[in-house]
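Residue-level structure breakdown
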Amino acid sequence: MQLNQTQVTTNGSPELLKKRSMDGRLKAIAAGEWFEPAVHPDLKQQDVVLEITGFNLWYGAAQALFDISMTIPKGKVTALIGPSGCGKSTLLRSVNRLNDLVDSVRISGDMKLNQDSIYARGVDVIELRKRMGMVAQKSNPFPMSIYENVIYPLRIDGVRDKAMLDEVCEKSLRGAALWDEVKDRLQQSALGLSGGQQQRLCVARAIAAEPEMLLMDEPCSALDPIATSKIEDLIDQLRGEYTILIVTHNMQQAARVSDNTAFMYLGQLVEYSPTRTLFQKPQLTETEDYISGRFG
């Protein structure tokens with residue numbers, strides 16, 4: 001999908017945004033038009049960890065993200081929702097430049113992590129990724145002990161002080177609500193843990209290096225309801241101490257765990273608001289239609 005030359009913008013007033021919605025905003029997006037997103041003013045008053053400005057991404061000739069501009073507030077949980085293929089995971093993976101691994105990718109615009117450009121020329125991508133913790137859709141513990149999994153980020157940084165490694169291991173496992181379950185088998189293989197435990201272990205590994213952000217890409221999609229509940233409880237415990245950006249296909253989960261929610265459609269940011277506002281009184285009728293199940 002390519003953007004039309006004429007871009008459609010609004011002044012952001014609820015009345016005009018509603019009118020645009022009734023005129024078929026999402027159909028227009030599907031036809032190639034670009035609309036200024038509806039962004040709640042409260043989001044402009046918060047301390048920012050990540051600032052995304054005019055971000056576009058292409059896979060070869062196909063454009064996947066269209067002029068995304070948004071901020072991720074410090075210490076909050078921000079959820080990205082939308083239909084499959086809307087660009088949620090692509091946007092998340094752009095934050096730590098995992099999309100760089102795809103040869104055909106090119107971008108324009110920028111992202112800034114605590115005022116440091118993520119895409120500036122000369123950025124050390126390995127060092128950049130150390131500033132973020134990543135929890136993937138499917139748990140990916142390394143084929144080594146539970147202990148070595150957790151302290152791996154410190155190992156690769158050259159830390160050899162056993163007392164420090166022990167302290168970080170316990171602190172991280174406690175932070176991931178896993179310590180009491182594994183403290184007596186730290187030297188056993190992490191592959192022996194249940195799926196839910198493995199995912200919490202990945203969270204422990206992600207926070208061991210005290211990152212500036214945690215990125216979570218559908219972290220509960222492969223888990224049963226009990227394990228999902230534990231991950232959601234964990235996200236709630238980490239709120240405030242960490243800034244979390246989470247992609248979820250489960251709107252009920254977004255409503256439960258996030259402070260702010262962004263609705264995306266076909267690579268565009270459509271609406272971005274505090275979660276309670278977005279789910280109870282969205283600015284756009286299309287957002288209301290999506291969260292109520294009338295489309296998508």
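For the structure itself, look to the data block above.
Residues numbered from 1 in each chain as written. Predicted model: local features only at pLDDT ≥ 70, side-chain atom pairs only at ≥ 80, totals over all residues. Heavy atoms only, no water.

1. Here's the deal with the nonpolar core
Selection rule: Each nonpolar core is a collection of buried residues, namely Ala, Val, Leu, Ile, Met, Phe, Trp, Tyr and Cys, held together in the definition by side-chain atoms within 4.5 Å. Throughout, exposure labels follow a simple rule: accessible area from a 1.4 Å probe, protein chains only, divided by the maximum for the residue type, with under 20% read as buried, over 50% as exposed, and the rest as partly exposed. Two residues form a contact once any of their heavy atoms are found within 4.5 Å.
Of all hydrophobic cores here, the largest spans 54 residues; its most connected members are Leu 173 and Ile 244. Leave out the neighbours within four places in its chain, and Leu 173 touches Val 150, Leu 178, Trp 179, Val 182, Leu 186, Leu 201 and Ala 204. If you look at the next biggest cluster of nonpolar residues, it comprises 31 residues, including Cys 86, Val 105, Leu 113 and Leu 245.

2. Some thoughts on the pairing of strand S2 (residues 48–59)
For clarity, the cut-off: Here a strand pair is declared whenever DSSP counts at least two bridges between the two strands. Helix and strand assignments come from DSSP, with helices taken as H or I runs of at least 4 residues and strands as E runs of at least 2, each series counted from the N terminus.
Relative to strand S3 (residues 62–73), S2 runs antiparallel, the two being bridged by 8 bridges. Its bridge partner being in S3, Leu 50 is matched across the sheet by Ile 72. What sits between the antiparallel neighbours S2 and S3 is a turn of 2 residues, in which Gly 60 has the positive phi angle 65°. Pairing between S2 and strand S5 (residues 105–113): 8 bridges, direction antiparallel. Counted as the bridge partner of Trp 58 is Arg 106 from S5.

3. A look at the sheet that holds S3
The cut-off we apply is this: Note on definitions: angles span 0 to 180 degrees between N-to-C directions of axes, and those axes are lines fitted to C-alpha atoms, for helices only across the stretch in contact.
A sheet is described by the order of its strands in space; here 4 strands give the open sequence S3-S2-S5-S6, paired in antiparallel fashion. Lying at the two open borders of the sheet, with one neighbouring strand each, are S3 and strand S6 (116–117). This element, helix H3 (residues 88–95), spans S2, S3 and S5 of the sheet and lies at about 120° to S2.

4. Here we look at H3
Within H3, 6 of the 8 residues are buried, which leaves it mostly tucked inside the rest of the structure. At the exit of H3 stands Arg 97, carrying a positive phi of roughly 60°.

5. Let's talk about the packing of aromatic side chains
Put simply, the rule reads: We call Phe, Tyr and Trp rings a pair once their centres come within 6.5 Å, taking the six-membered ring for Trp, and we label the pair stacked below 30 degrees between planes, edge-to-face above 60, and tilted otherwise. Lysine NZ or arginine CZ positioned within 6 Å of the ring centre and within 35 degrees of the ring normal marks a charge as sitting over the ring.
Under the defined criterion, the tally for this structure stands at 3 aromatic pairs. Pairing Phe 142 with Tyr 152 gives two aromatic rings, centres 4.8 Å apart and planes at 65°, and the pair type is edge-to-face. Of the two residues, Phe 142 is situated in the loop between strand S7 (132–135) and helix H5 (146–156) and Tyr 152 in helix H5; the sequence distance between them amounts to 10 residues. The ring of Trp 58 carries Arg 106 above its face, with NZ or CZ at 4.3 Å from the centroid.

6. A short note on the sheet that holds S7
Sheets are built from strands paired through backbone hydrogen bonds, the pairs being either parallel or antiparallel. Taken in spatial order, the 7 strands line up as S1-S11-S10-S4-S9-S8-S7 in an open sheet, and their pairing is mixed. Here the strands that pair on one side only, and so sit at the sheet edges, are strand S1 (38–39) and S7. The sheet contact formed by S1 and strand S11 (residues 268–274) spans 2 bridges and is parallel. In the sheet register, Val 39 faces S11, and the bridge partner there is Tyr 272.

7. A closer look at H5
Within H5 the residues assigned to the buried category are Ile 146, Tyr 147, Asn 149, Val 150, Ile 151, Pro 153 and Leu 154. Structurally, H5 contributes buried residues whose contacts are with helix H6 (162–175), helix H7 (179–182) and helix H8 (195–207). Downstream of H5 by a residue or two, Gly 158 has a phi angle that is positive, lying close to 90°.

8. Observations concerning the pattern of salt bridges
For the record, the criterion: Take a side-chain nitrogen of Lys or Arg and a carboxyl oxygen of Asp or Glu: if they are within 4 Å of each other, that pair is a salt bridge.
Under the defined criterion, the tally for this structure stands at 13 salt bridges. Between Arg 97 and Asp 100 there is a salt bridge, and its shortest N-O distance comes to 2.7 Å. Note that Lys 130 and Asp 157 form a salt bridge whose closest N and O atoms lie 2.6 Å from each other. A residue pair is termed long-range when its members are at least 10 positions apart, and Lys 130 in helix H4 (residues 125–130) and Asp 157 in the loop between H5 and H6 qualify at 27 residues. For Asp 157, a relative accessible area of 47% gives the class partly exposed. One salt-bridge network, in which partners are shared between bridges, spans Asp 116, Arg 131 and Glu 212.

9. Observations concerning the pairing of strand S4 (residues 77–81)
In terms of burial, S4 is a largely internal element, 5 of the 5 residues being buried. The alternating pattern of S4 places Val 77, Ala 79 and Ile 81 on one face and Thr 78 and Leu 80 on the opposite face, and all of these are buried. Pairing of S4 with strand S9 (residues 244–247), which is carried by 4 bridges, proceeds in the parallel orientation. Paired with Thr 78 across the strands is Leu 245, a residue of S9. In terms of strand pairing, S4 meets strand S10 (residues 260–265) through 4 bridges, oriented parallel. Directly across from Ile 81, in S10, lies its bridge partner Phe 263.

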